[in-house]
Amino acid sequence: MPGGLALMLSLACAAPVFAQTPRPAAQQAPLYTANGAGGHPGAAIYAQQCAACHDNPEATRAPSKDTLRAMTFQTINYALTSGKMQVQGSKLDAELRGQLINYLTGTSTASLDDWSGKMACPGGRHTANLAGAATVSTYGFDADNSRKLTARQAKLTKASLSKLDLAWAMPFPGSTMLRSQAAVVGSTLFLPVAEAGAVYAIDVKDAKKPCVVWSYVSATGAPLRTSAAYGVIADGRKVLAVAGLDSTVHLIDAVTGKAIWTKNVASYSYSMTTGTPRILKGRIIVPVSQYEIMQAADNRVQCCTNHGFVLSLDPKSGAQQWRYDTMEDAKPIRDRGDGKMIYGPSGAPIWNSPVVDEKRGLIYFGTGESNSEPAHENTDALIAVRLKDGTEAWSMQATADDTYNAGCGAEPKAELLNCTRKTVYRDVDFGASLILAHLKSGRDLLLAGQKSGTAWALDPATGKVVWRRDIGNGSAMGGIHWGIAYDHDTLFVPISTIGSRLPGGKPIDPKLSAGLYALDANTGETRWTYTPTADCENGRKARAPRCASSFGFSAAPTVIDGAVVQGSLDGMVWVVDEKTGALLSRYDTLRDYAGVNGVKGRGGSIDGPGVTAANGLLFVNSGYGMFGQVAGNTLVALKPGG
């Protein structure tokens with residue numbers, strides 16, 4: 001599974017019985033201090049229900065206790081009642097759940113901040129200026145998902161990126177990670193902030209003093225999970241599309257920040273939306289994922305019935321135009337051993353953001369692994385469906401029999417009833433969005449990156465493999481994780497970890513290491529490699545305890561005017577020359593910030609969508625409080641230095 005399963009509050013833990021503790025009828029202030037002083041009843045709930053996972057974040061991939069403490073009451077409550085932890089949360093009634101969350105956060109309700117109102121743009125202007133063309137309209141920036149910007153679009157040059165300084169920082173209270181990418185139109189950023197459940201339209205025309213044009217808050221109360229998409233629909237309206245953990249798609253008027261419509265697109269018990277929608281004049285393409293993979297660790301969950309799908313929605317109303325399912329609905333396969341059945345096939349979630357090829361009339365995307373046997377041929381696959389009706393044009397499976405869920409690892413355990421039996425145990429999704437590359441020769445290629453550490457090039461019309469390049473064996477955290485970039489016949493591939501051995505036991509090339517690889521898009525051959533080094537000096541080890549081992553490149557890269565900008569898991573921003581791989585500059589975001597919005601902030605790991613740019617500034621999402629990484633809550637704006 002990719003890092004798209006963030007905001008998961010724990011894996012399955014024991015289900016103890018707790019005694020009810022009365023609470024005062026009226027409460028406006030916190031009942032207890034968050035440090036457990038005075039015998040806080042939530043401390044016992046945490047110790048018995050949660051500590052096994054959250055006190056061991058590296059092993060369980062769950063947020064640490066410190067990360068939970070930085071979350072809002074609303075975020076944790078949603079996860080336990082309606083989100084990914086609802087199975088575990090079902091063990092607690094409202095009273096116990098409130099005690100637990102109060103112990104962690106120190107609050108008893110979801111507090112609302114008023115910082116955005118204080119930063120309202122002057123002159124009573126509450127509409128965005130959208131006169132120019134969008135420079136970032138989807139996860140891959142443009143229609144081809146290239147993740148590149150020209151000097152004119154970014155108002156930055158390779159030379160100006162040779163030294164970086166802090167322009168300003170904008171922390172978001174109650175957040176532990178910034179995992180969504182802003183859409184950019186002119187000097188306006190449209191940034192979803194997951195744990196706030198909000199989209200902020202931020203005007204950066206004044207590079208020293210940003211202001212908030214409008215903010216949109218999800219009425220469902222669910223965190224917003226996807227990045228923002230921007231487009232102009234057939235009636236001329238300029239709109240944004242974003243979706244949440246509850247699988248609700250929001251279409252927003254980009255000028256006013258008002259909802260045009262919302263639509264819940266979930267079909268299965270654990271459906272969720274993670275890939276950024278794609279806005280066309282007459283369609284909105286929405287990829288749908290699922291997180292049943294983690295719920296299977298709990299024997300009470302009857303596994304596995306969920307799979308991924310793609311929807312085409314009418315921009316005017318949100319009505320479904322067509323639907324493509326990655327596989328048929330699951331059927332009973334075998335008895336688990338307790339009289340309940342395991343279902344299959346299942347899986348093939350769609351974590352990434354689709355590429356729409358209007359010339360060929362095709363939509364391209366990648367899928368994840370199977371959750372139960374038999375592994376469907378559309379798991380760990382690259383797929384093309386027809387734009388007009390959603391029918392499948394072709395499918396290329398990269399890894400067969402990759403069946404994985406949290407109910408079973410590489411060593412089967414009889415007590416885990418949802419354990420899979422026939423599998424290669426690799427967990428090698430296509431988490432990165434695909435790129436439609438136009439080569440100088442006139443040929444088009446579909447480029448993809450897999451968590452196995454493999455880069456692929458396919459014929460976009462047929463799905464036939466043109467070349468593949470194996471860069472290590474990947475791992476549960478990637479491999480090639482969140483994205484790739486393309487420019488001038490070169491594919492830029494970030495590798496977060498190499499892994500131990502290639503399939504079949506063949507040793508990995510000792511020359512390989514975590515870093516950034518520039519591949520010839522025609523052949524897959526390596527042009528250059530940039531390898532970062534660990535930096536635990538100047539107090540960084542205290543902020544990032546895993547700095548000596550967790551410093552690879554997992555976030556998606558960005559190309560700007562011949563420079564590749566790459567964030568690392570230890571909070572560093574690296575800028576290298578596109579042609580040579582020579583280091584141009586770096587900037588450490590792992591620090592405390594006094595926010596331009598009056599909020600105190602902290603930088604952390606850089607993961608997910610990576611870096612964007614506008615009006616002469618780089619924008620970095622600093623903070624990713626999952627999988628033992630460093631939590632943070634700050635949008636960092638960097639300017640050319642010197």
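What you are looking at is a predicted structure, and each value in this text was computed from that prediction instead of being measured.

### Describing the overall build of the protein
No. 1: The helix and strand inventory of the protein stands at 11 helices and 39 strands.
No. 2: For the protein, the proportion of its 642 residues judged to be buried stands at 62%.
No. 3: Accessible surface, the protein: about 22,300 Å² in total, of which carbon and sulfur atoms supply 51%.

### Focus on unusual backbone geometry
No. 1: Residue Cys-303 is joined to Cys-304 through a cis peptide bond whose omega torsion reads 0 degrees.
No. 2: Its place among the elements puts Cys-304 in the loop between α10 (292–295) and β15 (309–313).
No. 3: Cis peptide bonds are those with omega within 30 degrees of zero, and the linkage from Gly-344 to Pro-345 qualifies with -5 degrees.
No. 4: For Pro-345, the position within the fold is in the loop between β18 (341–344) and β19 (355–357).
No. 5: Even without being glycine, Asn-145 reaches a positive phi, approximately 65 degrees.
No. 6: Relative to the assigned elements, Asn-145 resides in the loop between β1 (134–136) and β2 (148–149).
No. 7: Of note in the backbone geometry, Ser-247 takes a positive phi value of approximately 70 degrees without being a glycine.
No. 8: Mapped onto the elements of the fold, Ser-247 is located in the loop between β9 (238–243) and β10 (248–253).

### Some words on the pairing of strand β25 (residues 454–458)
No. 1: β25 sits mainly inside the fold: five of its five residues count as buried.
No. 2: In β25, alternate side chains face the same way, and those of Thr-454, Trp-456 and Leu-458 on one face and Ala-455 and Ala-457 on the other are all buried.
No. 3: Hairpin remark: strand β24 (residues 444–449) followed by β25, antiparallel, with four residues in the connecting loop; positive phi at Gly-453, about 90 degrees.
No. 4: Inspection of the sheet shows β25 paired to strand β26 (residues 465–470) by five bridges, in the antiparallel sense. Within the sheet, the bridge partner assigned to Ala-455 lies in β26 and is Arg-469.

### Observations concerning the environment of Thr-399
No. 1: Take Thr-399: it is sitting in the loop between β22 (392–397) and β23 (435–438).
No. 2: C-alpha separation for the pair Thr-399 and Gly-368, spaced 31 residues apart in sequence, amounts to 9.9 Å.
No. 3: Leaving out residues up to four positions away in the same chain, Thr-399 has contacts with Thr-379, Asp-380, Val-424, Val-428 and Gln-450.
No. 4: Reaching out from Thr-399, the side chain makes a polar contact with the side chain of Gln-450 at a distance of 3.0 Å.

### A closer look at the state of the cysteines
No. 1: Throughout the structure, instances matching the rule amount to three disulfides.
No. 2: Cys-121 shares a disulfide with Cys-211; S-S distance 2.1 Å. One quick way to see it: the torsion about the S-S bond of Cys-121 and Cys-211 is about 85 degrees, and its sign makes the bridge right-handed. In this pair, Cys-121 is assigned in the loop between α8 (115–118) and β1 and Cys-211 in strand β7 (residues 211–217), connecting sequence segments 90 residues apart.
No. 3: Assessed through its relative accessible area of 4%, Cys-121 is described here as buried.
No. 4: A disulfide bridge connects Cys-303 with Cys-304, and the sulfur atoms are separated by 1.4 Å. Since a negative S-S torsion denotes a left-handed disulfide, the Cys-303-Cys-304 link at about 50 degrees is right-handed.
No. 5: Residue classification places Cys-304 among the buried positions, given a relative accessible area of 1%.

### So, the packing of aromatic side chains
No. 1: Within this structure, the stated rule accounts for 14 aromatic pairs.
No. 2: Geometrically, the ring pair formed by Trp-115 and Tyr-200 is tilted, given 5.0 Å between the ring centres and 40 degrees between the ring planes. Residue Trp-115 is found in helix α8, and its partner Tyr-200 is found in strand β6 (residues 198–203); the two are separated by 85 residues along the sequence.
No. 3: The class for Trp-115 is buried, based on a relative accessible area of 3%.
No. 4: For Tyr-200, a relative accessible area of 5% gives the class buried.
No. 5: Between Phe-190 and Tyr-230, the aromatic rings sit 6.5 Å apart at their centres with planes inclined by 10 degrees, giving stacked as the arrangement.

### Here we look at a negative patch on the surface
No. 1: Where like charges cluster on the molecular surface, the negative patch consists of Glu-328, Asp-329, Glu-377 and Glu-392.
No. 2: Relative to the elements of secondary structure, Asp-329 occurs in the loop between β16 (320–325) and β17 (331–335).

### Here we look at helix α1 (residues 41–49)
No. 1: What α1 keeps buried is the set Pro-41, Gly-42, Ile-45, Tyr-46 and Gln-49. Down the axis of α1, the smallest arc covering the buried residues is 140 degrees, so these residues share one side.

### Thoughts on the sheet that holds strand β29 (residues 515–520)
No. 1: Across the sheet, four strands lie side by side as β27-β28-β29-β30; this open sheet has antiparallel pairing. Each edge of the open sheet is held by one strand with a lone partner, namely β27 (485–487) and β30 (526–530). When strand polarity is set aside, the average angle formed by the axes of neighbouring strands in this sheet is 20 degrees.
No. 2: Here six bridges tie strand β28 (residues 490–495) to β29, and the two strands are oriented antiparallel to one another.

### Examining the sheet that holds strand β39 (residues 634–640)
No. 1: An order of β3-β39-β38-β37 is seen for the four strands of this open sheet, with the pairing classed as antiparallel. With partners counted over all chains shown, the strands left at the sheet margins are β3 (164–171) and β37 (611–614), one partner each. Strand after strand, the sheet turns through a mean of 25 degrees between neighbouring axes, direction not considered.
No. 2: Looking at chain direction, β3 and β39 are connected through seven bridges and run antiparallel. Bridge pairing in β39 links Leu-166 to Leu-638.

How each quantity is defined
- Along each chain, residues carry numbers from 1 onward, in the same order as the chain's sequence is written.
- Restriction of local features to residues with pLDDT of at least 70 applies here, the model being predicted, together with a cutoff of 80 or more for giving and counting side-chain atom pairs; totals for whole chains, interfaces and linings are based on all residues.
- Derived side-chain values reflect all non-hydrogen atoms in the structure, with water molecules and hydrogen atoms excluded from consideration.
- Numbering of helices and strands runs from the N terminus; a helix is a DSSP stretch of H or I covering at least four residues, while a strand is a stretch of E covering at least two.
- Relative accessible area decides the class of each residue, using a 1.4 Å probe on protein chains only: under 20% of the type maximum gives buried, over 50% gives exposed, and in between gives partly exposed.
- For the accessible areas, the method is Shrake-Rupley and the probe is 1.4 Å, while residue cover comes only from the protein chains on display.
- When DSSP finds at least two bridges between two strands, those strands are taken to pair.
- Contacts: residue pairs with any heavy atoms within 4.5 Å of one another.
- Counting of polar contacts relies on pairs of N or O atoms within 3.5 Å, with two restrictions inside protein: one atom must be capable of donating a hydrogen and the other of accepting it, and residues adjacent in sequence are counted only when both atoms are side-chain atoms.
- To count as a disulfide, a pair of cysteine sulfur atoms needs to be within 2.5 Å.
- Two rings from Phe, Tyr or Trp (for Trp, the six-membered ring) form a pair when their centres are within 6.5 Å of each other. A pair whose planes differ by under 30 degrees is stacked, one over 60 is edge-to-face, and the rest are tilted.
- Candidates for patches are residues over 30% relative accessible area with no salt bridge; among them, like charges are joined within 9 Å and nonpolar side chains (Val, Leu, Ile, Met, Phe, Trp, Tyr) within 5 Å.
- Any Lys or Arg side-chain nitrogen found within 4 Å of a carboxyl oxygen on Asp or Glu counts as a salt bridge.
- The positive count covers Lys and Arg only, the negative count covers Asp and Glu only, and His and the chain ends enter neither.
- The atom standing in for a charge is NZ when the residue is Lys, CZ when it is Arg, CG when it is Asp and CD when it is Glu.
- Here the arc refers to the directions that run from the helix axis out to each C-beta atom.
- To get an axis, a line is fitted to the C-alpha atoms, and for a helix only the part in contact is used. The angle between two axes follows their N-to-C directions and goes from 0 to 180 degrees.

It is worth stressing that arrangement in space is one thing and function is another; only the former is reported here.
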